[in-house]
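Next come the chains, spelled out residue by residue.
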Amino acid sequence: MASLSVNTEEKEKAVPVEYDSDDDLEPYDMSHDAKVTKEKPPVYIGDCLDGLMSRENPARIAACLEAAERLIRDERKLVEKQVATELAKVLLHLQDEYSIENFSRLRHRALIATTVNFPHQVALYLTREFYEPNYNIRQRLDMLEVLASAAQELSKPAGEPSSPPSCARRRGGEACEVSCSALGGTADWRELVQQRIDKNTRHFAQGRAKRETPALHSRFAEVAGVFFYPLLTFYDRRDSRTLDLLGDDSLVLSRLVYTLGVVMHASLHAPIAQQMAVDFMQFIWALRFHTQPYVNAHINT
């Protein structure tokens, strides 16, 4: 029996043991696989609009969405008004079906750029669609956010006006006029007249000269009413198909109050601001007894 057990152990030792190893796997032939290339961004706004409407190509949608804001701001003078409204419509109805990175931010900034470059057409479209059916709460809140952000951007000065080249230089404490042709520019006649007056005027005590603040054109003053009054049209309408701002949709009402306040502040120096303030106070006065705390918070602020 002892010899039989020894022989059995020797046979077990003699049998080779096979182990699973990755070294025995043969690699797949990938020479014929197609290489995945990044979608080229659109060059023109028309191509961008077509790409945003291509539902079966997520890579193209992402590339067009990333380039939308830049194209809208760069091609402002080349885009027709109808195209701007169609672009706002496509962006408003665009859904994140493919989990695109930074989708909400890119879409929001593209809508703001469209509204800023074409404020009358796009704001009229957004304010009209706000009370229309077949929109969810998120889309209505997006409309209000875009209008508020665009109003703030339009109310800011577009830029300091370029000052005319100075035609005066000092030699030995006296101002001497230099020909404008030598400076390569045209001087302001007010500056030349003031220089001659200062040259022939004796000053016993001269304080620090006060520089006049140049008047800047307000881009928002012309379209303030388009941003404001259409939103006040149907706020008290009760319709289960669209909105019930005084009922179940009080969250949208609170955002509406905030947006109207932002638009009112942006139109501070507009000629229509006084009338807007009267109508806005009447709107606030009608909501003074609202039961929702977040609506009262926006009213009080």
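What you see is a predicted model; the values in this text were computed from it and never measured. (Residues numbered from 1 in each chain as written. Predicted model: local features only at pLDDT ≥ 70, side-chain atom pairs only at ≥ 80, totals over all residues. Heavy atoms only, no water.)

Undergrad: Hey, could you run me through a nonpolar patch on the surface in this one?
TA: A cluster of nonpolar side chains, Ile137, Leu251 and Tyr294, forms an exposed patch at the surface whose accessible area comes to about 250 Å². You can see Leu251 is positioned in helix 11 (residues 250-266). Relative accessible area serves as the criterion here: at 49%, Leu251 is assigned to the partly exposed category. (Patch = residues over 30% accessible without salt bridge, like charges linked within 9 Å, V, L, I, M, F, W, Y side chains within 5 Å. Areas by Shrake-Rupley, 256 points an atom, 1.4 Å probe, with all protein chains shown as cover. Salt bridge = Lys/Arg side-chain N within 4 Å of Asp/Glu carboxyl O. Helix = DSSP H or I, 4+ residues; strand = E, 2+ residues; numbered from the N terminus. Buried < 20%, exposed > 50% of the residue type's maximum accessible area, 1.4 Å probe, protein only.)

Undergrad: Teacher, can you tell me more about the packing of helix 2 (residues 45-52) against helix 3 (residues 58-74) here?
TA: Two numbers describe a pair of packed helices, the interaxial angle and the distance between the axes. The N-to-C vectors of helix 2 and helix 3 enclose an angle of 145°; their axes lie 9 Å apart at closest approach. As for how helix 2 packs across helix 3, the hand of that crossing is left-handed. Residues Ile45, Asp47, Cys48, Asp50, Gly51 and Leu52 of helix 2 form the contact with helix 3, whose participating residues are Arg60, Ile61, Cys64, Leu65, Ala68, Leu71 and Ile72. Residue composition of the contact of helix 2 with helix 3, grouped by class: nine nonpolar, one polar and three charged. (Axes fitted to C-alpha atoms, helices over the stretch in contact; angles between N-to-C directions. Left-handed = near helix turned anticlockwise from the far one by under 90°. Contact = heavy atoms within 4.5 Å. Nonpolar A, V, L, I, M, F, W, Y, C, P; charged D, E, K, R; others polar.)

Undergrad: Can you walk me through the nonpolar core in this structure?
TA: Nonpolar side chains in soluble globular proteins tend to end up buried together. Core analysis: the largest hydrophobic core is formed by 71 residues, its most contacted members being Leu52, Phe220, Phe227, Leu256 and Phe283. Once you skip the residues sitting within four places of it in the chain, Phe220 turns out to touch Ala151, Leu154, Ser155, Phe227, Val263, Ala266 and Ser267. (Core = buried A, V, L, I, M, F, W, Y, C linked by side-chain atoms within 4.5 Å.)

Undergrad: Honestly, the layout of surface pockets in this entry has me stumped. Any pointers?
TA: The gaps left among the atoms become clear once a water-sized probe is rolled over them. Empty space within the second largest pocket amounts to approximately 280 Å³. Along its surface, the second largest pocket is lined by 18 residues, and Ser155, Lys156, Ser218, Ala266 and His269 are the ones closest to its centre. Counting only elements with at least two residues in the lining of the second largest pocket, the list comes to helix 7 (137-155) and helix 11. A breakdown of the residues in the lining of the second largest pocket according to their chemical character gives nine nonpolar, seven polar and two charged. (1 Å grid on protein atoms, 1.4 Å probe; cavity = no way out; pocket = protein on both sides within 12 Å on 5 of 7 lines; lining within 4 Å. Points joined across faces, edges and corners; volume = space filled by probe spheres on them.)

Undergrad: What is the right way to read the packing of aromatic side chains from this model?
TA: Two aromatic rings, taken as a pair, are described by how far apart their centres are and by the angle between their planes. Tallied over the full model, the rule gives seven aromatic pairs. Their ring planes at 70° and their centres at 5.1 Å tell us that Phe220 and Phe227 sit as a pair that is edge-to-face. Residue classification places Phe220 among the buried positions, given a relative accessible area of 0%. What makes Phe227 buried here is its relative accessible area of 0%. Judged by centre distance (4.7 Å) and plane angle (90°), the ring pair of Tyr235 and Phe283 falls under edge-to-face. You can see Tyr235 sitting in the loop between helix 10 (224-228) and helix 11 and its partner Phe283 sitting in helix 12 (residues 273-286), a full 48 residues away along the chain. (Phe/Tyr/Trp six-rings, centres within 6.5 Å; stacked < 30°, edge-to-face > 60°.)

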